[in-house]
Every structure is written in C-alpha cells, then in structure tokens.
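Commentary on secondary and tertiary structure
Here's the letter readout for the chains.
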Amino acid sequence: MPTINEILQTMDYGPAPESIKEAQAWLDQHERRFGLFIDNAWTPAADTFASTNPADGKELAQITQAGAQDIDRAVEAARRAQPGWVALGGHGRARVMYALARLLQKHARLFAVIETLDNGKTIRETRDADLPLAARHFYHHAGWAQLQSEEFADYRAVGVVGQIVPWNFPLLMLAWKIAPALAAGNTVVFKPAEFTSLSALLFAQICQQAGVPAGVVNIVTGDGRVGEAMVKHPGIDKLAFTGSTEVGRLIRQATAGSGKKLSLELGGKSPFIVFEDADLDAAVEGLVDSIWFNQGQVCCAGSRLLVQESVEQRFLAKLRARMDNLRLGSPLDKSMDIGALVDPIQRQRIEGLVEAARLEGCTVYQPACELPANGSWFPPTLITGASTSAGIAQTEVFGPVLVAMSFRTPVEAVQLANNTVYGLAACVWSESISLALDVAPQIKAGVVWINTANQFDAACGFGGYRESGFGREGGKEGMFEYMTPLSEDARPAAPVIEAKGKVKASESGDPFAVDRTAKLYIGGKQARPDGAYSRAINGANGAFLADVGEGNRKDIRNAVEAAHKASGWAKATSHNRAQVLYYIAENLAVRAEEFAARLAAMTGSKDPHKEVQASIERLFYYAAWADKYDGLAHQPPMHGITVALNEPVGVIGIICPNEAPLLGFISLVAPALALGNRVVAVPSEAYPLAATDLYQVLDTSDLPGGALNIVTGSADELARTLASHSDVDAVWRHDGSAEGCAEVERLSAGSLKRTWVGGAKGRDWYDTKQAGGRAVLGHASQVKNVWIPYGV
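Reading the values: the criteria
Residues numbered from 1 in each chain as written. Predicted model: local features only at pLDDT ≥ 70, side-chain atom pairs only at ≥ 80, totals over all residues. Heavy atoms only, no water. Pairing = 2+ DSSP bridges. Helix = DSSP H or I, 4+ residues; strand = E, 2+ residues; numbered from the N terminus. Axes fitted to C-alpha atoms, helices over the stretch in contact; angles between N-to-C directions. Contact = heavy atoms within 4.5 Å. Salt bridge = Lys/Arg side-chain N within 4 Å of Asp/Glu carboxyl O. Buried < 20%, exposed > 50% of the residue type's maximum accessible area, 1.4 Å probe, protein only. Core = buried A, V, L, I, M, F, W, Y, C linked by side-chain atoms within 4.5 Å. 1 Å grid on protein atoms, 1.4 Å probe; cavity = no way out; pocket = protein on both sides within 12 Å on 5 of 7 lines; lining within 4 Å. Points joined across faces, edges and corners; volume = space filled by probe spheres on them. Nonpolar A, V, L, I, M, F, W, Y, C, P; charged D, E, K, R; others polar.

**Things to note about the sheet that holds strand β14 (residues 363–365)**
The strand order across the open sheet formed by ten strands is β14-β15-β16-β13-β12-β17-β18-β33-β27-β26, and the pairing between neighbours is mixed. Looking at the sheet topology across the chains shown, the edges are occupied by β14 and β26 (632–634). Strand-to-strand, the axes of this sheet are offset by a mean angle of 20°, without reference to chain direction. Here three bridges tie strand β12 (residues 271–274) to strand β17 (residues 425–429), and the two strands are oriented parallel to one another. Residue Phe272 lies in a different strand from β17, and its bridge partner there is Cys427. The sheet contacts of helix α11 (residues 280–291) involve β12, β13 (304–308), β16 (401–407) and β17, and relative to β12 the element is tilted by about 175°.

**A word on the pattern of salt bridges**
Tallied over the full model, the rule gives 33 salt bridges. Asp28 serves as the salt-bridge partner of Arg32, at 2.9 Å between the closest nitrogen and oxygen. Given a relative accessible area of 45%, Asp28 falls into the partly exposed group. Ionic pairing is found between Arg535 and Glu550, a salt bridge with its closest N-O pair at 2.9 Å. Here the residue Arg535 occupies a position in strand β24 (residues 534–538), and Glu550 occupies one in the loop between β25 (544–549) and α19 (553–565), the gap between them amounting to 15 residues. Residue Arg535 is classed as partly exposed on the basis of its relative accessible area, which comes to 23%.

**Section: the nonpolar core**
Ranked by internal contacts, the top residues of the largest apolar core, which has 116 residues, are Phe138, Phe203, Leu305 and Leu319. Per-element accounting of this core gives the leading share, twelve residues, to helix α7 (residues 170–184). Filtering out sequence-adjacent residues up to four positions away, Leu305 remains in contact with Phe272, Val274, Leu287, Phe315, Leu316, Leu319, Leu402, Val403, Ala404 and Met405. With 65 residues, the next largest nonpolar core counts Leu588, Ala592, Ala614 and Val679 among its residues.

**Looking at unusual backbone geometry**
The backbone of Asp39 sits at a positive phi, close to 60°, despite the residue not being glycine. When you line up the elements, Asp39 lands in the loop between β2 (37–38) and β3 (41–42). If you check the backbone angles, Ala532 has positive phi at about 65° while not being a glycine. Inspection of the secondary structure assignment puts Ala532 in the loop between β23 (525–527) and β24.

**Overview of helix α28 (residues 738–748)**
Among all positions of α28, only Gly740, Cys741, Ala742, Glu743, Val744, Glu745 and Ser748 are buried. As for α28, its buried residues are in contact with α10 (245–255), α27 (715–724), β31 (730–733) and β32 (754–757).

**Describing the layout of surface pockets**
Approximately 1000 Å³ is the volume attributed to the second largest pocket. Around the second largest pocket, the lining comprises 36 residues; the ones closest to its centre are Trp167, Phe241, Gly243, Ser244 and Val247. Among the secondary structure elements, those contributing two or more residues to the lining of the second largest pocket are α9 (224–232), β10 (238–242), α10 and α13 (344–359). Counting residues per element, the lining of the second largest pocket draws most heavily on α10, at six residues.

**Details of empty space enclosed by the protein**
Evaluation of the coordinates by the stated rule reveals seven cavities of 30 Å³ or more. There is about 80 Å³ of room inside the largest cavity. Around the largest cavity, the lining residues are Leu581, Ile584, Leu619, Phe665, Ile666, Val669, Ala670, Leu673, Leu694, Leu698, Leu708 and Ile710. Broken down by element, the lining of the largest cavity gets its largest block of residues, five residues, from helix α24 (residues 661–674). Along the lines of polarity and charge, the residues of the lining of the largest cavity split into twelve nonpolar, no polar and no charged.

Take a look at the structure:
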C-alpha cells in the first residue's frame, strides 16, 4: 500500500481555466477593430495591424497605426485641455482619479483576462499583482492631487506629457505614468506597446465613464514610428519612457537642447545575492518570483544569482528541484506558473543568447517540460560556469534565464553586483540584518529588496542608476518628475550682466618679476596643465591680471581619477561635510577684501563685496542643508518598511557661469559637495581667477584631496570631454550657452548620465529660490529605496 508521501508525489494540479467570455464580448462589441482615443472620442480604425495572443498565435483584434497628423491632433487636444484640468483644482482632479481607481477595481477581472490574452503572462499575475497595484496607483495619486497645493506649493504642472511604455506590464505601466501626471495637473498623450495595446484601449473606455475631461488623456497606438513622432514633437513638454537602454539613448539624443523634461526607466541586469546564513528555502522562492515572474520579461528581474561559495551547491540543488516543479502552460489556467513570451521575435532572441552561452562552455540546465505546439514558449533556464565578462552575464536577456556564480566574502559580493553598466534593482538575502543593511547601500541600484523580491507600491519610488536610466516613478519623488519649480519661470531670459564701475589702472610692476600663472587644482594639489598652454586674463580696464592654465582631455581624465579616489567623501558623515563647508566659508570670510578686489579688477563690478558676502552665505546655506536633507521611511501595504535614502550621484562635472563668477561657482559646487558628491568644476571661462584664488582656502579647510577638482579652460571643450567620459555620473552646465547645453545632453546619452543644464536662459544667482532649495539638492542626489520586511 503506498505511503502518504508517495500519494502526494503523484498528485498534480487539475486544470483551472479562466473564462474569457466577457473579454471576447468586449472585443466583439468593438468589432475587434480599434481606432485611436483622442479628445475623448474614438477615431475610425484605419491602417491597422494585428494584435495576437502569444499563447496560441491567434489574432485578437486589429489596432490602428497612428500617423504624424494623429499625433498632432492628440497633442493639440492635450494642450487645449491642460489649463482647464489645472483649473479644476486638486480636489476636482482627485475625484476623477478616485473614479478611475474604482472603475479599475470594478472591471478588474475583465482587465486581467484582456491583459493575459494580449501579453501571455499568467492570469494569476494579472489578477493578483497587476490590477490591484494599478488601482492602488490611482488611489494614491488621487491623494497627491488633493494635497498638491500644500505639499507642492512652489511647483506647477509641466504641461503636455508624452508617455511611452513597453509590453511587459501594459496596464501597470500605464497606471505608473498616467496617475502622477494627472495628479500634478498635466495632460497626457500615451503610447502603449505595439504588441499589447488592448488594456490601454479598455482604459480609454473607462476614462469616458469616469468623467475625465476631453483631451486630458489621449491614447495613440502603433509601432516605433509613433514613439519617434512623439519624441520629436515640439508641443510635448515632458517625455516619460520605459523600455530598452538602446532606445533610451536615442531619445536622450533626440531631445537634446529641446528643453523637454525627460525621465527614462531602462534595462537592468539585477543581482540576487544569497549569503550563507540566509533561509535558503525562502531565498529559492524569492528567486522564482524574481526571475521567472512574467517569464523573466521584467527589467528588474534578478537575472544574476550570486550565492556564497559555502552554500552554493546546496542552494543550486534546491533551485533545480524547484525548477522541475514549475508549471508552464496556458496563461489562462490559474494553476500555471509560467506563461508565454510576448512574441516569436523575443523567443528567438532568448534562444540565441542561451545557445551562445552554451558555445562559450557554460552549463545550461532546463527542466524536462513539454512546450505547447503553438505560441511563443521558452522553459525556465539556469546557466552556470559563466565568467563575469561573458555575454550572458552582462547582457539583459529579458526572458526566463538565470545566470549563477559564487562569491566568498561580502566585499566580493558587492564587487560582482556592481560589475554591470546597469543599476536598476537588487536583492539581498541574509538572516543578519546588520550584514544586509551594510551591503544594500553599497550596491549601485535604485531599489534594493532585503529577504524579498519584486515588491512595488505607489508610495515607494522606483527607478535606476547608470544605464538603467534616471528619474523615479511612484512616491513623492515620482511626483516631482511631472512638475516644474515656479522659480524656473522667474529666471531671466538671458544671463544677467552686472553694472560695471570704474576700475583703476593696474599699478603692478614688471610682469616678468613673478610668475602669475594660476594652475589647475587636481587631487588637492596645484597642477600644471598637460598641454603646457596658458591664457592671459585681463581685467575690466584691459590690464593683465594673470595667466590661467588651458586644461585639456587628459587634465579632465586626471581630475576624474582623483575624484574617484576621493570616494571617502561620500562615506563621510553629513555632519563632517557640513563642518568642512563652514570652514570654507570662514576662510573665505577672512579673505573677503582680497576676493572683492579680485572681482572688481576682473569684472568691473560696482559692488564686489555683495558677491563675496552672498558666496559666504551660500556656503553656510548648503552646510546647513548637509545634515538635514534626509530620506523618508514609507509604510507600504506589506509587513515592513521601505527606507528611501538620498544618496550622492557620484562624480559630477560642473560648467560654471560667467555672471557672478564666484557666487555662481559656489552655488553649484557647494550643494554637490554637501551631499557627498565629488566634483570636477570648470570655472567661468571669462573670469576664472575667482575660482583659482580659492585653492588656498580649500587647502586650509579640511576638504579631502580630490573631492573638488578645478580645471580651467574652454567651457565647450571641457564640457564635451566631461559629457563623453564614462566615469562621470552627471554633468551640469549653466554658462548660458544654448548650443553647449544641447551638446552636453546629446553626448551624455553614451553612458546615460544625468544632466542639469540652464540653456540660453540666465539665473539670478543671488536669489535663493533660483539657486538653492530642494530642487537643486534633487539634482545632486538620487533616491535608493530599500525594502525591509520584518516579522516574516
């Protein structure tokens, strides 16, 4: 007679199919042909293409391919509607968004089935994960709309927002993007993915039911040509894109110099770190959720398993056993774990990457499972034996493929985790909370989950570092992406030139008696320029003041290397950084007369003392902020907390303005230093002595060598080098050059570094609202959300 265990081993799940009756009825209601949704009305279906079910390849409906004129009409409708949407007020917008949330809940099952039919993911995922979270985003952001006048009093809506999303989370990505945009008072032109447009079109229908005013939400469908038209459209004020890193680069290049606000959520190659003291069984389940959720078609999927050597074989054995029991089959069957890939093209790409790994000598493990004859299917896959530089270990597969390797120490684990161009998410598994919280901040990723995986909530920001993009979605930081500081509207149309006073002729003696060449400042030391060239700086009266070194590409390289060596500045306490800025201010105050005289001689300023005193005050201002720009602790709907940490961006290249050359320099460099960044600064090209005179001040203020590096020379040439440098994390340019700012944005696309540019407009550097506050600190920091469950 068989034992209970033997009986249990022979038991299997019975079929549990989800009914598609209502979904089919909805498609039939539209005659399976869909036009565009513009200005609260449907256009006739024209120039259509097929949307198919990935699980069986059968056609679901015909979708319209939008053209350039359709985009024009959608943008025009959004522009007309935007003032009225703002005028409706926070409460009015909140009520509309609340209605959208309620309708999403009311029609949740229909949305879930449509999503599964169109995308291929399992009904369990669409029903239990995607739909509740989509509704949650509209509820949460209805609250931000209600509170906008209090919480964002110094901001306004950007205007017309263009949003482009991929096919892996069609409805959830829609909610992530549309909800905060509407809450802030923007209107939207939304493009769903070509493969998965149906849930967005169903959402358009509930917009009509919820009373969304005409033109506030416009949905245009089609292939990449539609997205390209939106990116280039001059009537769109902001673009929000989720998709591949390659397309993100193209968008960054295309929008350079346009003034469009931009946020990019791009690819990833996320590490899943398992320490020897982890609950291995729980970690296996977390790994299943991390890499095989949505067939691995997740930008933050834990596709790189890093397991401590002492438990590697035991963990991999548990993992293979779990893989053997994963169920792959009809996505509409509620007992299935893995559904279909979105399209045969995606399957072919994944197959190619796995076969390339096999040819490189890797071991490929796939459980014995029968793949359906029709549709796009790929089994869960484990690859071992790959080197850290192997293609399979560095390339985003975007499929159910896991690469495993081992480490010995926590230091090595962090090194391996950061050995990628991406920086979207990471998982850390350890029963030692001390170890986990020590490792999490060291990982270069925008989200870190501790002893859990793929947790998301509308209250907690999501987004990446490095080539995973910039900007955040969700949380308060996500709201800022859809707003503009009112202080930006107050900026002068052009750089402000101060009134000049009379300057006495120089009474200096023989110019050859003393070498008056201001050197560069690299690694805490004065350095001669690599090219051995210098440039004469004459005063306002034409008299020679000094020579300054002409920095070049090699000087920038040396400065960036020195900045990276000064990584201890980022680890210093905020109190320590504040003290150093106070010291700089004190030492500048001691030499105030000297700096005022230099400014008068260089610029002819009528009141140079005003600029010096404002510079001292600005140093005090950012010293005060250094230990007060704290993060937040969120309480999402899980048993735990999410800690949002404000982290330094890294190495920032700063091109400083010609107007107010000392105050402009201080106003940009000080906030970057206050938050732990290291800086390579290019001072005013016209008046560089205001910065080079600071060398002795810096030397006597306990600023570590390399934290601030100063390279004088051509703003255009040095900005070009900084923007092209792969080890520079951000570039700021505020010298009033429209062409130069556009070039910085264009060149930054190579490594997708963050930029903050002033364009051709000026800035009142004496006005704290224009040159200070949280808006500036936001440019000097990036938010990392660390999820910490407890009691589980």
